[in-house]
Amino acid sequence: MLSFSRRTMGPYWHWYAGGTLALLATNFLSVTIPLHLATGVDALAKGAAGAPIVAHEAAIVAVMGVSVIAVRTLSRVLYFTPGRYVEQNLRRDLFEAILRHQPSFLVRYSTGDLYSRLSSDVGTVRLLAGFGTLQLANAGIAFAMAGAQMLRLSAPVAWWLLIPVAVALLIVQVLIQRMYKLMRRGQEELAALSGHVMSTYKGIAAVQGFVAEDAFVAEFDKQNDQYLRTTVERTQVRAALGPMLSLASDLNVWVLLLLAGPRVIDGTMTVGQLVAFTTLVAFVTGPLRTSSFLWSIVKQAQASIERVEAILSLPPDRPEGANGQPSPSHAPQIELRNLTFTWPGRDAPALKNVSVTVPAGKSLGILGATGAGKSTLASLLTRSWNPPRGTLFIDGVDVLDLDLDSWRRAVTLVPQRPFLFGESIADNILLGREDHGALEQATRLAALGPDLAALPQGKDTIVGEHGVRLSGGQRQRTALARGLIRDHSVLILDDVLSAVDHATEVELLENLRALGERGVTTVLIAHRVSALLHTDQVIVLDEGQVIDAGTPAELLGRPGRFRDTWDQQQAGEAS
Amino acid sequence: MSPTPVDADTRSLRATWAGLWPYLRQDLWLYGLALLLAPATAASTMIQPWILQRAIDHAIVPKDLTALGVEATTFLAVVIGGFVFQVGHTLLLSLAAMRTITRLRHAIFQHTITRSQAWFDHQPTGRLLTRATNDVETLGETLTAGAITIVLDALQVVGVLGAMFWFDAKLTLTLLLVAPPLGLFLEFVRRRLRGLFDAVRNALAEMNSYMSERLAGVEIVQLYADEARTLGQFEARNKAHAEANIRTNVYDALLYATVDGVTSVTLALMLWYGSGGILSGVLTAGMLAAFMDYVGKLFRPVQEFSSKVAVIQRAVASLEKILGLLEVQDAVVGGDVTLAHPTGHVKLEHVSFAYGDGPTILHDVSLEIRPGEVVALCGRTGSGKTTIGKLLTRMYDGHDGTILLDGAPIETLATGAVRRMVGSVQQDVQLFPGTVRSNLTLGHEIGDDKLMAAVRMVRAEDVVARLGGLDGRVDEGGKNLSGGEAQLLSFARTMAHDPAVVVLDEATASVDSLTEARIQEATSAILSTKTTLVIAHRLSTIVGATRIVLLDQGRVLETGSHHALMAQNGSYAALFREQFHELATD
Ligand SMILES: Nc1ncnc2c1ncn2[C@@H]1O[C@H](COP(=O)(O)OP(=O)(O)OP(=O)(O)O)[C@@H](O)[C@H]1O
Ligand SMILES: Nc1ncnc2c1ncn2[C@@H]1O[C@H](COP(=O)(O)OP(=O)(O)O)[C@@H](O)[C@H]1O
Ligand SMILES: [Mg+2]
Ligand SMILES: [Mg+2]
């Protein structure tokens, strides 16, 4: 936790230093004011002779009071501002780390979980970096200064005053431990609750379509109530924790009466000093009270830091290390050697001993039943998941040795399930590119032209989150255009024709064929035999194994899955 | 800075807090009890200086040790009593606030998930999530730590002031000279903060919705090497959020510090004034000491209060957002007719439809499907096929013309009844984190036998076995399933719910043809007992339909059986021949 604080807060040390100076000034003023008041009160006792002194002291106190406003404001601003910067930086770093981590790592966390780490946990760290640090410094300075003043007034009395505080701190320590556990539990429960809310909103059409609102609300209530129980338990601890230290402070006034009272009576202390003592005790009441709150912030932040560090501290899964090889800039040869891959949590491998070579610039078609392993192959090719070493080669180089960034720029996968951001169609396709000529080209290749013409805002139509405001086919082709606009040497299209009508399919295939001639190594996954007819070679996958391979013509010419599928798709003609 | 009209501001503020009323009403007794303890806590705080004064004036100055003993013991009793009351007060208050908040969170969830699809089409889920989590949490913190204890603070101020007046009215009045400027200042800052915190809430929602969307699409960001730009866009929002917060800092700090300084100024005022009093013998040293203590006790709640002003402004900003959400009326309102045994007769008469104020998507569509019939919809993508399905399940309303279900206009039926009658396999597969079973039942009571029957019907028994049976895990959005597997589960779900009318919207588009054929075979028997609307691109899968409807840019171009349409030799026939002719010659 210390090294974490040093790392995140260190760069802002001058803010904190300035803030501490302001705090010192504030506290200095605050403890000096009672002394001047005491002098004033004692001067009163001298009768008329003391009057000028009283006026003088009153004037000093008033000026100091006004100065307190300035320095205290300054101290808070100087502490809170870097707190916000720390929050901002940490959130950026965490977001960046999430982007750098590969899906194989990120599957461990639900989106809701990551979200709550980015929002609540980072927020808790800010509380520590801003408010918490301020209070810590403030309390430290206040105690030191008030302590010094008290020691000057009367050392024995001052020492006695420590006892109630020490006892209270001990009790606080015990309560805090309990609180810490409850806090962690609360954070987890809140994250789960967020997850449920998020997935419900995402699947809202199904929830409403199946009249499942009540069931989802019931599940929500279950988690909501569980969270309530945890927070109530936490409150019980906190209710005792909060006033514990101000109790100590009040008890100190009592101790004063017992100890200083007799001293005033026997003349070893003045009434003015007694008054000054009570003022000093009142002065530390505030910092004492916030100390217990502060302590709970520290504990909470500790839990949050752990959750943030779990993601931040692990390096991304990049077996190539810092100096991976650059990807070939031309269309490469792709070779699979005895590739076997099993998804975590599954018994059977999704791919078994798959061997196939796609010559540079040629195309491979993949046909296979549901769950046969086609998309798995695509995930391994793009290294969304790393294949086992020694199974996948690009121009003879193990794909694991390629620099991931350069490989990702060289390869384009248009995934089976299109994901669109809630922006305009153009922004979704361009992904930050500026080239509007390319946009024209890509929409034409993806056969989006007629759709854009029909939409009132054309390419500037906002598609809604995940593209909800587009038809399925429009969504799919927008995702396709996004893939086609890139300069790649390898293109993988995973079932991108499933939601388009026949005429559009024909147009698309025509466009893709033209693309293929530009020299891009292509992998085409499709359920339509017609889509695979123009590929250079086809493999047929079943339960992860290659059960047939050859050119489309060869496969059509002999009995097997490919021919059966073709016949099935042709069956319409017979009727 | 332009001044805000006073009553517009306060009225809306009052209305805002009034909006919270329904959620805290049930816990009124808890709040009441907490408030009852408040005067006791305040009293203990107020009595302490008084005892101190007595101890100084009546015991210490007269050098009376026994009297000092008595005063000290009283003091201890008061302190401990005060502690007990305060713990009780905090406990009750937090309990009440948390229950309120839990209820509010429930209300937000319940309210939002019953809003219309049209509304959801324009809502980033991240923003909704911010309302249900961050905003509610902020409000909760305020309720426990701030809003209600203000009553306590106010009580304390009134009590301390009363005690001071009782001691010395003139002195107190002099001290009160500081009140008007202080009050004006606090009000000024409060107003500024209100606007600033509103900006903070907006910046936060903006950042969160970006965050949640990119987290959901993180794979695309990575695949398309778009990390740098995404990070840049995120950082812009992150920075805006930080800066919006930093802008509030100065006011926030000023609020706190001002009261602190004013306390000292008041003490100075008192010292100066007190000198006159003591000289003329109306004031004793003990009274002055007590007075100084009182001034401290007077300003502590004022300071607490002013530091809470910021917290409360933040909460008001959150509460406004939440109430705004709860006021959204956009829901599909159904009638109250429920059908006990729907037969599944579907009829569309001259239906036209547009999404919101967008272009007209469906033009004068008429269509009838009788029980036992299978009607197929075909047409280019974007021609409005899915839209017809959405209207039948009443996901959207506001169409022209009539949609009749079992002869009743769809608006007169309860939405629940409509959706139980018309089940659709949506083109967009939506799965939830949980198990295969929970995804199939979606919380309804459906036995495993029935679930497995539905699974077999869509030929997904192998798939379910592969996932580990009905208890197999399904991740968020079905991420751990293949595209076809997810679609099959979605299909099985609809079959398990056994609706009278089934809409199959490209229900097997991601499934291989051989499996598709087997599904068709397996479902044909059960579908012949239902009313079916099939939407498909692959004409081979619809040739057996009772009627085929060809849709073109939202208009019905041709209707008839496959043979009738082929004989008619129109667009359908052309389309059909094109599809199979090309395949044959390739
Ligand atoms: N992320 C994942 N985690 C665990 N299992 C997975 C994951 N993705 C896919 N699988 C499983 O791996 C197997 C192969 O899936 P894959 O997506 O490669 O199939 P596919 O051939 O693309 O099928 P479809 O034609 O239905 O898209 C399936 O059993 C699937 O459930
Ligand atoms: N929620 C929506 N909001 C606005 N426009 C929509 C929405 N859903 C679909 N559309 C538009 O309506 C048209 C028809 O869509 P749809 O019915 O899904 O077509 P399809 O025939 O491919 O199923 C398309 O142009 C699409 O962009
Ligand atoms: Mg797939
Ligand atoms: Mg559609």
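Bear in mind the structure is a predicted one, so any value in this text is a computation, not a measurement. (Residues numbered from 1 in each chain as written. Chains lettered and ligands numbered in written order. Predicted model: local features only at pLDDT ≥ 70, side-chain atom pairs only at ≥ 80, totals over all residues. Heavy atoms only, no water.)

### Description of helix H18 (residues 513-527) of chain B
Right, so step 1: Its 15 residues place the ends of H18(B) 19 Å apart at the C-alpha level, agreeing with the 21 Å of an ideal helix rising 1.5 Å per residue.
Right, so step 2: All buried positions along H18(B) are accounted for by Ser513(B), Thr515(B), Glu516(B), Ala517(B), Ile519(B), Thr523(B) and Leu527(B). (Helix = DSSP H or I, 4+ residues; strand = E, 2+ residues; numbered from the N terminus. Expected span 1.5 Å × (residues − 1). Buried < 20%, exposed > 50% of the residue type's maximum accessible area, 1.4 Å probe, protein only.)

### Digging into the interface of chain A and chain B
Right, so step 1: Taken together, the contacts link 163 residues of chain A with 159 residues of chain B.
Right, so step 2: Buried area between chain A and chain B, both sides added, is near 14600 Å², and the carbon and sulfur share of it is 67%.
Right, so step 3: Its largest share of buried area at the contact with chain B, chain A owes to Tyr115(A), Tyr201(A) and Phe210(A), together 6% of the area lost on that side.
Right, so step 4: Between Asp428(B) and Arg475(A) there is a salt bridge, with its nearest N and O atoms 2.1 Å apart. (Contact = heavy atoms within 4.5 Å. Buried area = accessible area lost by both parts, 1.4 Å probe. Salt bridge = Lys/Arg side-chain N within 4 Å of Asp/Glu carboxyl O.)

### Focus: the coordination of the magnesium ion (ligand 4)
All names here are of chain B.
Right, so step 1: Around the magnesium ion (ligand 4), the protein contributes the donor atoms Thr 386 (OG1) and Gln 427 (OE1), at 2.0 to 2.2 Å from the metal centre. Taken together, the residues Thr 386 in helix H12 (residues 385-392) and Gln 427 in the loop between strand E6 (422-425) and strand E7 (434-435) connect sequence positions 41 residues apart.
Right, so step 2: Look at Thr 386 and you get partly exposed, because its relative accessible area is 22%. (Donors = N, O, S within 2.8 Å, 3.2 Å for Na, K, Ca; no water.)

### Here we look at the coordination of the magnesium ion (ligand 3)
All names here are of chain A.
Right, so step 1: Looking at the magnesium ion (ligand 3), one finds its protein donor set to be Ser 375 (OG) and Gln 416 (OE1), positioned 1.9 to 2.2 Å from the metal centre. Taken together, the residues span a long stretch of sequence, with Ser 375 in helix H10 (residues 374-381) and Gln 416 in the loop between strand E6 (411-414) and helix H12 (425-430) at a distance of 41 residues.
Right, so step 2: You can call Ser 375 partly exposed: its relative accessible area is 23%.
Right, so step 3: A residue is classified by how much of its surface remains accessible, and Gln 416, at 15% relative accessible area, is buried.

### Details of the sheet that holds strand E12 (residues 555-560) of chain B
Residues and elements named next belong to chain B.
Right, so step 1: Pairing is mixed across the open sheet formed by six strands, whose spatial order is E6-E9-E10-E3-E11-E12. Strand pairing shows two members of the sheet lacking a second neighbour, E6 and E12, which therefore form its edges. With strand direction ignored, the average angle separating the axes of adjacent strands in the sheet is 20°.
Right, so step 2: Examined bridge by bridge, strand E3 (residues 374-378) and strand E11 (residues 547-552) share four bridges and lie parallel to one another. Residue pairing in the sheet places Leu 377 in a bridge with Val 549 of E11. (Pairing = 2+ DSSP bridges. Axes fitted to C-alpha atoms, helices over the stretch in contact; angles between N-to-C directions.)

### Let's talk about the environment of Gly209(A)
Right, so step 1: Along the chain, the position of Gly209(A) falls in helix H7 (residues 204-209).
Right, so step 2: Ignoring anything within four residues of it in the chain, the contact list for Gly209(A) reads Met395(B) and Arg419(B).

### Let's talk about the packing of helix H3 (residues 51-100) of chain A against helix H8 (residues 179-216) of chain B
Right, so step 1: Where H3(A) meets H8(B), the closest approach of the two axes is 11 Å, and the angle between their N-to-C directions is 15°. As judged from the angle between their axes, H3(A) and H8(B) are roughly parallel. Note that H3(A) runs across H8(B); the crossing there is left-handed. On the side of H3(A), the interface is formed by Arg91(A), Phe95(A) and Ile98(A), while H8(B) contributes Met207(B), Met211(B), Arg214(B) and Leu215(B).
Right, so step 2: Of the residues contributing to the contact of H3(A) with H8(B), the split by class is five nonpolar, no polar and two charged. (Parallel < 35°, antiparallel > 145°, perpendicular 65-115°, else oblique. Left-handed = near helix turned anticlockwise from the far one by under 90°. Nonpolar A, V, L, I, M, F, W, Y, C, P; charged D, E, K, R; others polar.)

### What about the site of ligand 1?
Right, so step 1: Residues in close proximity to ligand 1 total 21 residues, the closest being Ser375(A), Thr376(A), Ser482(B), Gly484(B) and Glu485(B).
Right, so step 2: At a separation of 3.1 Å, an oxygen atom of ligand 1 approaches a polar side-chain atom of Trp343(A).
Right, so step 3: Starting from 630 Å² of accessible surface for ligand 1 in isolation, the protein chains cover 92%.
Right, so step 4: At the level of elements, H10 of chain A together with helix H17 (483-497) of chain B are the ones that each hand at least two residues to the shell around ligand 1.
Right, so step 5: By residue class, the composition of the shell around ligand 1 is five nonpolar, eleven polar and five charged. (Near = heavy atom within 4 Å. Polar contact = N/O pair within 3.5 Å; in protein donor to acceptor, adjacent residues only side chain to side chain. Areas by Shrake-Rupley, 256 points an atom, 1.4 Å probe, with all protein chains shown as cover.)

### What to know about the environment of Ser524(B)
Right, so step 1: Relative to the helices and strands, Ser524(B) resides in helix H18.
Right, so step 2: Note: C-alpha distance between Ser524(B) and Gly379(B) (145 residues apart in sequence) is 23 Å.

### Considerations on the side chain of Ser194(A)
Right, so step 1: Within the secondary structure, Ser194(A) sits in helix H6 (residues 155-202).
Right, so step 2: Judged by relative accessible area, Ser194(A) falls into the buried class, the value being 3%.
Right, so step 3: Setting aside residues no more than four positions away along its own chain, Ser194(A) makes contact with Leu129(B) and Thr133(B).

### Quick word on the sheet that holds strand E5 (residues 408-409) of chain B
Residue and element names in this part refer to chain B.
Right, so step 1: Reading across the sheet, the four strands line up as E2-E1-E4-E5 and stay open at both edges, with antiparallel pairing between neighbours. Looking along the sheet, the strands with just one partner apiece sit at the ends: strand E2 (360-369) and E5.
Right, so step 2: Sheet topology places strand E1 (residues 346-354) next to E2; six bridges connect them, and they run antiparallel. Across the sheet, the residue bridging to Ala 354 is Thr 360, located in E2.
Right, so step 3: Lying over the sheet, H12 contacts E1, E2 and strand E4 (400-405), oriented at roughly 115° with respect to E1.

### A closer look at the domain arrangement of chain A
All names here are of chain A.
Right, so step 1: Segmenting chain A into domains produces domain 1 (1-154) and domain 2 (334-417 + 486-574).
Right, so step 2: Contacts between the two partners involve five residues from domain 1, matched on the other side by six residues from domain 2.
Right, so step 3: Carbon and sulfur atoms supply 52% of the area that domain 1 and domain 2 bury against each other, a total of about 410 Å² over both sides.
Right, so step 4: When the buried surface of domain 1 facing domain 2 is broken down by residue, Gln 102, Pro 103 and Ser 104 rank first, second and third, together holding 75% of it.
Right, so step 5: Remark: the boundary between domain 1 and domain 2 carries one salt bridge.
Right, so step 6: Across the pair Arg 100 and Asp 405 runs a salt bridge, and its minimum N-O distance is 3.8 Å.
Right, so step 7: Inspection of the domain 1/domain 2 interface yields one residue pair in polar contact (both at pLDDT 80 or more).
Right, so step 8: Classifying every residue of the side of domain 1 that touches domain 2 gives two nonpolar, two polar and one charged. (Domains from an automatic or database assignment.)

### Observations regarding the packing of aromatic side chains
Right, so step 1: Per the stated rule, a full pass over the model turns up 18 aromatic pairs over all chains.
Right, so step 2: Ring geometry for Phe95(A) against Phe234(B): centres 4.0 Å apart, planes inclined by 15°, an arrangement best described as stacked. You can see Phe95(A) sitting in helix H3 and its partner Phe234(B) sitting in helix H10 (residues 227-279), one on each of two chains. Each member of the pair, Phe95(A) as well as Phe234(B), is classed as buried.
Right, so step 3: With 4.9 Å between their ring centres and 80° between their planes, Trp343(A) and Trp385(A) make a pair best called edge-to-face. (Phe/Tyr/Trp six-rings, centres within 6.5 Å; stacked < 30°, edge-to-face > 60°.)

### Re the site of ligand 2
Right, so step 1: Residues in contact with ligand 2 amount to 19 residues; listed here are only the nearest, Gln474(A), Asp121(B), Gly382(B), Thr386(B) and Thr387(B).
Right, so step 2: Residues near ligand 2 are shared among chains A and B, making this a multi-chain site.
Right, so step 3: Within the side chain of Tyr355(B), a nitrogen or oxygen atom sits 3.4 Å from a nitrogen atom of ligand 2.
Right, so step 4: One nitrogen or oxygen atom from the side chain of Thr387(B) is found 2.4 Å from an oxygen atom belonging to ligand 2.
Right, so step 5: Contact with the protein chains covers 91% of the free accessible surface of ligand 2, which is 570 Å².
Right, so step 6: At four residues, the largest contribution of residues to the shell around ligand 2 is made by H12(B).
Right, so step 7: Residues that form the shell around ligand 2 fall into these classes: six nonpolar, eight polar and five charged.

### What to know about the packing of H17(B) against H18(B)
Residues and elements named next belong to chain B.
Right, so step 1: Contact pair H17 / H18: the axes reach a minimum separation of 13 Å and the direction vectors enclose 15°. In this view, H17 runs roughly parallel relative to H18, as classed from their interaxial angle. The two elements H17 and H18 meet at a crossing, and its hand is left-handed. Of H18, the residues touching H17 (which contributes Leu 488, Phe 491 and Met 495) are Ile 519, Thr 523, Ile 526 and Leu 527.
Right, so step 2: Its residues assigned to classes, the contact of H17 with H18 shows six nonpolar, one polar and no charged.

### Considerations on the side chain of Thr112(B)
Right, so step 1: Within the secondary structure, Thr112(B) is located in helix H3 (residues 65-113).
Right, so step 2: Polar side-chain contacts of Thr112(B) include one of 3.0 Å to the backbone oxygen of Phe109(B).
Right, so step 3: When neighbours within four sequence positions are excluded, Thr112(B) is seen to be in contact with Tyr201(A), Trp119(B), Phe120(B), Leu128(B) and Leu325(B).

### Section: a nonpolar patch on the surface
Right, so step 1: A grouping of Trp160(A), Ile163(A), Val167(A), Leu170(A) and Ile171(A) is seen on the molecular surface, where their side chains present a nonpolar patch of about 500 Å² in accessible area.
Right, so step 2: By the secondary structure assignment, Ile171(A) is in helix H6. (Patch = residues over 30% accessible without salt bridge, like charges linked within 9 Å, V, L, I, M, F, W, Y side chains within 5 Å.)

### Re the pairing of E6(A)
All names here are of chain A.
Right, so step 1: Of the two faces of E6, the one lined by Val 411 and Leu 413 and the one lined by Thr 412 and Val 414 are each fully buried.
Right, so step 2: Alignment of E6 against strand E7 (residues 490-494), held across four bridges, turns out to be parallel. Within E7, the residue paired with Val 414 across the bridge is Leu 493.

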